[in-house]
Each structure stands twice: as structure tokens, then as C-alpha cells.
Amino acid sequence: MSDRPTHTNSITGTAHLSGSVVQARDIGEVHLHPARPPAPVPRQLPAPTAAFVGREEELSVLDELAATHRLLVVNGPAGVGKTGLLLAWAERRSADRDGQLFADLRGNGPGEPAGAAETLGGFLRAFGVDRIPDDAAEAAALWRSVTAGKRVLVLLDDALSAAQVRHLLPGGPDGLVAVASRHRLSGLGVDGAAFLALGVLDETTGRQVLARRIGARRAEAEPEAAREVVARCGGLVLAISVVAAQVASRPRMTLAEAATALEREGERLTALRLAGELAVQSALDASCAGLAREPGRLYRLLGLLQFADFGAADCAALLGTEPGPAEELLELLAEANLVEDLGAGRHRFHDLVRLHAGVWARDRETTAERADALRRVLERYLAASSAAERLLTPNHAKQRRDYRFPPQPLPFDPADQRAALDWLDARRSHLAAAVRMAAERGWPDLAWQLADAMHPLFNRLRAHELGAEVHELGLKGAREDGDPAALARLLTDSGSRLYNLGRGPEAIALYREALAAAESRGDDKGKAQALHGIGRIHRAADQLDEAQQSFEQALRLRLDAGYRRGAALTRVTLAEVAVARGLPDRAVPELLLAQQELSDLGETYEVARALAHLGAARTGLGDHAAAAADLDRALELFRAAGSLYWEGRTLELLGELAEARDAPEQARACYEESLARYQRMGAPDADRLGVALGRLSAVLPPEAGAAG
């Protein structure tokens, strides 16, 4: 017997041997496949600011606290340098960590603060988990499981409350979390947090920051003016940095002039009258007053956006220009320290700068100019997501799209499915914010169209953390817009999202509303869609009689309407009910017909689903060779499509086939691979696999039970 180590693989069969994979399509037949790459090690910490100086005492305090605590909180007023301090400190401690994660919790940003599900989704995806539970408690439990035993370093920026942080704490005793917040977050004391209250810079350190930015020679030439600048900036790092950038970019400008400008601008502190932060308003007013016309206009219009970050294409849409010139203007704002360069072409505002930009937009841009700029940005996201929808789910891309402005360049190749899916994944929070902004602005047509175009994000990427809000706003927009077809679509799509979130009673209410609306306008296709959704909910609740009745009605309507794809999909669900009833002989004819129809229509993904169900039915009939062929082909198609959930489901069905063939060791290998997929996605199916593996443990000998 070989001494090479083994571990379970994601293929139909049994185990890895030294990097190769053993698969048994039929018992005894062995095939080799390459092993999957290891899980990624995230390195998300932004680089510390080049102008960071001083704070040696605070850095030492953090080192001392980290020796005895796994949760550190740095609090202080806005602009005082909390994030800069933590980034500089974290850089010194990150080398021996199993991963570095960073999240902006948007406690003082536009829109809603980052929810636990959203942040945990990003963290879990960074560790290779693809499907994230919608429930925050479940996602937090999965996060603790993933990080148990890992020495991760997590930096949470701009936290609003203790509750916002609590779900994000990793598992095990070796993780280290550092939090920056304007609030004290004293409630985290019960979680064992240690606290550091960060004050403003002293005069000496403030002048060092200034000198680092403008050069030591200029700072030393005007020591009194340098002291005045630091004093009038209130010792806030943000304010000093903004003024320093203004001086650095103007070789003939003196520090005395900068100090005088700050003094004059102090007369206008009204819009951002935040206790202790008036110097920031003064510094920003002075800096922006010196901007040229075009970068100044971009600065103001960026204040309209509720995005966590933005790029040149967003700026081009705001201005109604090309990305190239917009990128140059964005770089000018970055040089002036009015936006932060995140790398990879992305930038963001400091919270107070965003508020300031918004105030200047309201003061200096007309209502029509602001509306047009924002509409252009939202239409850009509508056009891009609609292009992705047409490419990835063409059968869904049937609703109207309303554009007031000329089309903008797409951010991906319209023929590249992977690029479209990657763009949707990267911009999921921007798309949700776009729906929110459209609703707040009073553009119901744009709100529902954006929600509708996001369908592949939910269908392919399972972005359930966004589903409830997006579809609530989209459905509200469809009702206000008064388009019957749009309302029918949003009712059934919202029902599907709620169904996927496990909220069956709410989902079935929407499906029934869609059914009533379709009946009132004589829309048989709409009736069939609603009945199909109702049947899915009954099937999930094991109400097989009700499910079969709904599916049979839907099938008749779809056949009468000549809707071949829809009829084929309903045949698949009817076959699923037949198998659940213990009648696989009735399922096979339906599935063969559905498979042929879907194949003729070029619906490869749905063909794979039909094959998986066909394999399950043939397993029940004892036709094991045909079942293996169906399931192997389904697994191949799901892998090509990147459908991790259906990979797991097909591996589970292969395990059931192995059990039927009295091959418990092969069944266990398949179940373990299936369980790994479900756990990676946070799928509730993992509980079902635990039962199956427990059943096998009772019949396998100890050596086989411990294998893999």
C-alpha cells in the first residue's frame, strides 16, 4: 500500500495522491485530475501614508496593549489620524499573520453604515468562501469557523457602534482586531477590548507633518507661519495635510499666505459646524478655493455620490466627458489630498471632505446640473449591468431601459462572460447604492430598472446580502412607475430573492400578488411564472401535493403559450417532485424531454441541472451506469459554469449513487467533497451532508472512516 498522503478531492471519486486526483466514474475505473489550488491568504491592508511621522508614544502603547488583548479600539475626533496610526502600526505587526483584512465600516459615510453581512461577505470571500449566509449571525459563525486557529490581523475603519464590530471578531485566541472610530465604543469593553483615545497632534509633530509634505527648507524658512497653520488646523492631520498639499503645489505661495487664508475662511464655518472640527471646514474651503474650474467642479459633483470609492469612469459620467480627461482631473484632486488614492484606479473621500464637497455642490451647482450629473452616473451603472444581464442571463433581459443621456463605454468586453461576472462582483455595493440613490432622488423607473438588471448578481453570485434592500426599493419603484410588465417582473424576482433568503411566507405573498395581477390582465405567461414560484415554495416545505398542482398548472400554461424554455424548466421541477414521492420512473421521461428542449435552446446551465436530476432519478431506478454518466457530465458542465453550489449538489448525488452501489468509501469521499463546497458557500445543505456522513461512519471500518 502506498505511503503517499491522501486527501479528498472535488471529483466524483475518492482521493488525492500527492497532488493527483483519483476518480471512479464506475467502481474500479480510475482517472487522474489535477488538485485545486490552496485557499488564498488575504493581504488587504492599505499602505501607510508617506507623510506619517511621530506618534511614537501611541505606537508603543498599542504594542503593549496587543500583548494582552486581541481587540484594540483607537477613538478620537474626525481627521485626527486614527486610520493612519493604525496602518503604520499594523504594517509593523503583519509579517507573522495568516492574513490581513481591512474594511471601511462607513460609520460616518453616505447612506447606511456597512452591515455585518456585507463586511463578513467580503472577508469570507477573501478566504475563498463563495456563498455567504444572509443572516448576520450565521455569517459571523461561519467567519469564526474559517478563522479558528488562524493568526489573522483585522483592521476595521470608521466603526459606528460596538454592535457593528462584534459580529466581525474572528474565532480562536490568536486573531487580532484593531478598530478606528469617532466614537468611544465603550460597549466593546465586555468583549475584552483595550482602548486608546487619540488626541490632536502637538505643535512639533504637526510641523513635522507639514515639513514632510512641503519640504523642510520651506517649513524652516517660516517657522512662525508654520506654527500658525498647525494651530489653525486644530492639530488635525487631515487639515494639515490639505493645507500642505495646497502650499506644495504652489511654489510661490508662502506659509504666511496659507495661514492668512485659513483665518479668513474661519468666517464661513456654517455648513459643517461639528464640535471641534471647524478647522477642517476652514482648511477645505481654503484649498478648494484655489482649485481650477474643472477639478473644482469634479470635486463638487463627487460629493453627490454615495459610493465607498470611485474611479475615472464615474468621474467622466459626472462631468459628461471622456474617462481620460476625467482621470487627469481626479489625479489633481488626489495631489491636493482631497481624495485618497486606493490604487488600481480607485479613489475615495474622507468623510468630512465628502460632506464638504456635497455642500459646495449645493451652493455652486444648479439643481438641474446636480440632477443631470447624478443621472449620468446611475445610467452608466444601468447600461453596464444590463449588458451583463444580456450576456449572462439573456432570457431575463426583457424589460425596457430608459436613458436620457448618450451611452458611455462599457467597463468590460460585452462578449466576455467572465469579465461581466467579475465586474458585477466588484461593483455589487455600488449597484446597491445606485438603486438607493435613484429611489431617494425620485426616479422610480431608474430604481426598478437597476434592480432588474442586477439579476445575474443574485442568480449566479448569490449576493443575498443585498437582496432584501435592492428588491424592496426596486419593487417600490415598479409600483410607482406604473408599468405592469415591470411590476410583474419585480414581484416574481423579489419572491425568488425572498425564497432564497428562506423567507417563504413573504415570498409566496408576492407570487400570489403577481398571479392575481396576471389573471386580471389575461397574461398566461405571467400566471405561469407566478405558479412556478409558488410551486417552488411548496416543494421547499415538502408540500408535495400543492407543489405538483402548481407546477402542472404552470406547465399547461407554458405549453399553450409556446414558451419552450419555461415548459422545460417546469418539467424539471415536476420530476423533482416525482423523485421526492419515490416515483423515479415518472421523473425520467420528463427529464429526458426537458434536457432535449434545453439543449436545442442552447441553455447549457439548465441542461446540467436536468442531467443532475436525471442522474438522481436513474439512481432510484437502479440504472447505475446511466446515472454515473449523467452525473459526471453534469459535474463537468457546472465546473465550467463556475457554479459551486451545483458542484456540491452533484457530488452529493454521486455519493448517493455510490451508496446504492454498496460502495461506502466512495460515497464518503463524494460526501466530504460536497460538504466542502456547501461549507465554502455557507449553504444550509451542509446539515444534510452531516447526517449522511454520520450514517456512513456507522458502517465503515475505522481505517476507512478516518481516511480522506
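Keep in mind the model is a prediction, meaning the values are calculated, not measured. (Residues numbered from 1 in each chain as written. Predicted model: local features only at pLDDT ≥ 70, side-chain atom pairs only at ≥ 80, totals over all residues. Heavy atoms only, no water.)

### Considerations on the overall build of the protein chain
Part 1 of the argument: Regarding its fold elements, the protein chain presents 33 helices and eleven strands.
Part 2 of the argument: Taken across its 708 residues, the protein chain has 55% of its residues classed as buried.
Part 3 of the argument: Accessible surface, the protein chain as shown: approximately 29400 Å² in total, 50% of it carbon and sulfur. (Helix = DSSP H or I, 4+ residues; strand = E, 2+ residues; numbered from the N terminus. Buried < 20%, exposed > 50% of the residue type's maximum accessible area, 1.4 Å probe, protein only. Areas by Shrake-Rupley, 256 points an atom, 1.4 Å probe, with all protein chains shown as cover.)

### Comments concerning the packing of aromatic side chains
Part 1 of the argument: In the structure shown here, the tally under the stated rule is eleven aromatic pairs.
Part 2 of the argument: Ring plane angle 45° and centroid distance 6.2 Å describe the contact between Phe127 and Trp143, whose orientation is recorded as tilted. Linking Phe127 in the loop between α3 (116-126) and α4 (136-147) with Trp143 in helix α4, this pair joins segments that are 16 residues apart in sequence. When sorted by exposure, Phe127 lands in the same class as Trp143, which is buried.
Part 3 of the argument: The side chain of Arg375 reaches across the aromatic face of Trp443, ending 5.2 Å from its centre.
Part 4 of the argument: The residue whose ring lies beneath Arg380 is Tyr381, and the NZ or CZ to ring-centre distance is 5.1 Å. (Phe/Tyr/Trp six-rings, centres within 6.5 Å; stacked < 30°, edge-to-face > 60°. Lys NZ or Arg CZ within 6 Å of the ring centre and 35° of its normal.)

### Quick word on the sheet that holds strand β8 (residues 176-181)
Part 1 of the argument: Read from one edge to the other, the open sheet built from five strands follows the order β6-β7-β8-β5-β9, with strand pairing classed as parallel. Strands with a single pairing partner mark the edges of an open sheet, and in this sheet they are β6 (99-104) and β9 (194-197). If you compare each strand with its neighbour and ignore which way they point, the axes differ by 15° on average. (Pairing = 2+ DSSP bridges. Axes fitted to C-alpha atoms, helices over the stretch in contact; angles between N-to-C directions.)

### Observations regarding the pattern of salt bridges
Part 1 of the argument: Scanning the model with the defined rule gives 49 salt bridges in all.
Part 2 of the argument: A salt bridge links Arg401 to Glu389, with the nearest nitrogen and oxygen atoms 2.9 Å apart. Of this pair, Arg401 sits in the loop between α16 (367-392) and α17 (417-426) while Glu389 sits in helix α16, placing them twelve residues apart in sequence. For the pair shown, Arg401 and Glu389 are each scored as buried.
Part 3 of the argument: One network of salt bridges, in which partners are shared, links Glu203, Arg207, Glu224 and Arg227. (Salt bridge = Lys/Arg side-chain N within 4 Å of Asp/Glu carboxyl O.)

### Overview of helix α12 (residues 293-302)
Part 1 of the argument: Burial analysis of α12 places eight of its ten residues in the buried class, which makes it a mostly covered element.
Part 2 of the argument: Within the sequence span of α12, burial applies to Pro295, Gly296, Arg297, Leu298, Tyr299, Arg300, Leu301 and Leu302.

### A closer look at the side chain of Arg401
Part 1 of the argument: A relative accessible area of 19% places Arg401 in the buried class.
Part 2 of the argument: Of the polar contacts made by the side chain of Arg401, one reaches the side chain of Glu389; its length is 2.9 Å.
Part 3 of the argument: Side chain to side chain, Arg401 and Asp452 meet in a polar contact 2.9 Å long.
Part 4 of the argument: In this structure, Arg401 is in contact with Leu382, Ser386, Glu389, Trp448, Gln449, Asp452 and Ala453, ignoring residues within four places of it in sequence. (Polar contact = N/O pair within 3.5 Å; in protein donor to acceptor, adjacent residues only side chain to side chain. Contact = heavy atoms within 4.5 Å.)

### Quick notes on the packing of helix α25 (residues 544-561) against helix α26 (residues 564-580)
Part 1 of the argument: Relative to each other, α25 and α26 sit at 160°, their axes nearing to 9 Å. When the axes of α25 and α26 are compared, the pair comes out roughly antiparallel. For the pair α25 and α26, the sense of crossing is left-handed. Judged by residue contacts, Leu544, Ala547, Gln548, Phe551, Glu552, Ala554, Leu555, Arg558 and Leu559 of α25 engage Gly566, Ala567, Thr570, Arg571, Thr573, Leu574, Val577 and Ala580 from α26.
Part 2 of the argument: Across the contact of α25 with α26, the residue classes tally to ten nonpolar, four polar and three charged. (Parallel < 35°, antiparallel > 145°, perpendicular 65-115°, else oblique. Left-handed = near helix turned anticlockwise from the far one by under 90°. Nonpolar A, V, L, I, M, F, W, Y, C, P; charged D, E, K, R; others polar.)

### Side note on unusual backbone geometry
Part 1 of the argument: The phi angle at Asp542 is positive, at roughly 60°, despite the residue not being glycine.
Part 2 of the argument: Tracing the backbone shows Asp542 in the loop between α24 (524-540) and α25.
Part 3 of the argument: In this model, Asp662 sits at a positive phi of 60°, which is unusual for a non-glycine residue.
Part 4 of the argument: Mapped onto the fold, Asp662 is located in the loop between α30 (644-660) and α31 (664-681).
Part 5 of the argument: When its relative accessible area of 65% is taken as the criterion, Asp662 is described as exposed.

### Focus: the nonpolar core
Part 1 of the argument: Within the largest apolar cluster, 88 residues are counted, with the highest numbers of intra-cluster contacts made by Leu298 and Leu302.
Part 2 of the argument: At twelve residues, α16 tops the list of elements feeding residues into this core.
Part 3 of the argument: If near-sequence neighbours (up to four positions away) are discounted, Leu302 is found in contact with Phe310, Cys315, Leu318, Leu330, Leu333 and Phe349.
Part 4 of the argument: Membership of the second largest hydrophobic core comes to 45 residues, among which are Ala594, Leu614, Ala627 and Cys670. (Core = buried A, V, L, I, M, F, W, Y, C linked by side-chain atoms within 4.5 Å.)

### A short note on the packing of helix α6 (residues 203-214) against helix α9 (residues 237-248)
Part 1 of the argument: Contact pair α6 / α9: the axes reach a minimum separation of 9 Å and the direction vectors enclose 35°. Like other packed secondary-structure pairs, α6 and α9 cross with a definite hand, here right-handed. Of α9, the residues touching α6 (which contributes Gly206, Val209, Leu210, Arg213 and Ile214) are Ile240, Ser241, Ala244, Val247 and Ala248.
Part 2 of the argument: The class makeup of the residues in the contact of α6 with α9 is seven nonpolar, two polar and one charged.

### Looking at helix α2 (residues 82-93)
Part 1 of the argument: The first and last C-alpha atoms of α2 sit 17 Å apart over twelve residues, in line with the 16 Å expected at 1.5 Å per residue.
Part 2 of the argument: Among the twelve residues that make up α2, nine are buried, leaving the element largely enclosed by the rest of the structure.
Part 3 of the argument: The secondary structure elements touched by the buried residues of α2 are α1 (56-66), β5 (71-75), β7 (152-157), β8 and β9. (Expected span 1.5 Å × (residues − 1).)

### Side note on the pairing of β9
Part 1 of the argument: Only one face of β9 is covered, namely the face carrying Ala194 and Leu196; the face carrying Phe195 and Ala197 is uncovered.
Part 2 of the argument: Where β5 lies against β9, four bridges are found, and the strand directions are parallel. When the bridges of β9 are listed, Val74 appears paired with Leu196.

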